[in-house]
Amino acid sequence: MSSQWLLIVVLAAATYLSRILGITVMAGRQLSPAVRLYFNYVPTAIIVALIIKQIFVSSNGHLVLSLPVLAACLAGALSILLVKKFLPSVVAGVVIGLIVRYLL
């Protein structure tokens, strides 16, 4: 149990130090347009990777499509396109995901 807490503390410290280091090193520097464009797409790429990891789950060494998660993602995406508000889209995605999970 204590090794898990040690790992959590070490990873938290590494995350904190890397952020502080990034801020101090990059402070006052002008970024090229290519680097700025790269950094603009990083959050989107991370979110897509996390969503894909949730949609395709591993089962007995094979990738399996999780229909409730896929339905929730599609409902949320459609809702955000139609309503253009974040919170109702999240609620719609969660409700649709729960309904699909209940029906399966």
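Just so it is clear, the structure is predicted and the values come from calculations on it, not from any experiment.

Parameters and conventions
Residues numbered from 1 in each chain as written. Predicted model: local features only at pLDDT ≥ 70, side-chain atom pairs only at ≥ 80, totals over all residues. Heavy atoms only, no water. UniProt positions renumbered as here; feature names shortened; annotations may be inferred. Helix = DSSP H or I, 4+ residues; strand = E, 2+ residues; numbered from the N terminus. Expected span 1.5 Å × (residues − 1). Bend = angle between axes of the 7 residues up to and from the residue. Domains from an automatic or database assignment. Buried < 20%, exposed > 50% of the residue type's maximum accessible area, 1.4 Å probe, protein only. Contact = heavy atoms within 4.5 Å. Pairing = 2+ DSSP bridges. Axes fitted to C-alpha atoms, helices over the stretch in contact; angles between N-to-C directions. Parallel < 35°, antiparallel > 145°, perpendicular 65-115°, else oblique. Left-handed = near helix turned anticlockwise from the far one by under 90°. Nonpolar A, V, L, I, M, F, W, Y, C, P; charged D, E, K, R; others polar.

Considering the UniProt feature "transmembrane region" (unreviewed entry) in the protein chain
As recorded in UniProt, the sites labelled "transmembrane region" (unreviewed entry) are residues 38–56, 63–80 and 86–103. Each end of residues 38–56 is marked by a C-alpha atom, and these two atoms are 26 Å apart; helix forms 95% of the span and strand 5%. Annotated as residues 86–103, this span is 100% helix and 0% strand, and its ends, taken at the C-alpha atoms, are 26 Å apart.

Points about helix α2 (residues 33–55)
Between the first and last C-alpha of α2 there are 33 Å, a value that for 23 residues agrees with the 33 Å anticipated at 1.5 Å per step. Where α2 bends most, at V42, the angle is about 30 degrees, and the proline P43 comes one to four residues later.

Here we look at the domain arrangement of the protein chain
Domain boundaries assigned for the protein chain yield domain 1 (1–30) and domain 2 (33–103). In this structure, domain 1 and domain 2 have C-alpha centres spaced 28 Å apart.

Remarks on the side chain of S79
Tracing the sequence through the fold places S79 in helix α3 (residues 67–83). Among the residues examined, S79 registers a relative accessible area of 10% and is labelled buried. Beyond its immediate stretch of four places on either side in the chain, S79 contacts K84, P88, S89 and A92.

Observations regarding the environment of P68
Along the chain, P68 falls in helix α3. When the C-alpha positions of P68 and L104 are compared, they lie 8.4 Å apart, and in sequence the two are 36 residues distant. If sequence neighbours within four positions are ignored, P68 has contacts with G97, V100, R101 and L104.

Describing the pairing of strand β1 (residues 56–59)
Sheet analysis places β1 next to strand β2 (residues 62–65), joined by four bridges and oriented antiparallel. Bridge pairing in β2 places V57 opposite V64. Linkage of β1 to β2, two consecutive antiparallel strands, is achieved through a turn of two residues, within which N60 is found at a positive phi near 55 degrees.

A few points about the packing of α3 against helix α4 (residues 86–103)
When two helices pack together, their arrangement is given by the angle between the helix axes and by the axis-to-axis distance. Between α3 and α4, the least distance of the axes is 7 Å, while the angle of their chain directions is 150 degrees. By the criterion of interaxial angle, the relationship of α3 to α4 is roughly antiparallel. Like other packed secondary-structure pairs, α3 and α4 cross with a definite hand, here right-handed. Contact residues: α3 offers L67, P68, V69, A71, A72, A75, G76, S79, I80 and V83, while α4 offers F86, P88, S89, A92, G93, I96, G97, V100 and R101. The residue makeup of the contact of α3 with α4, split by class, is 13 nonpolar, five polar and one charged.

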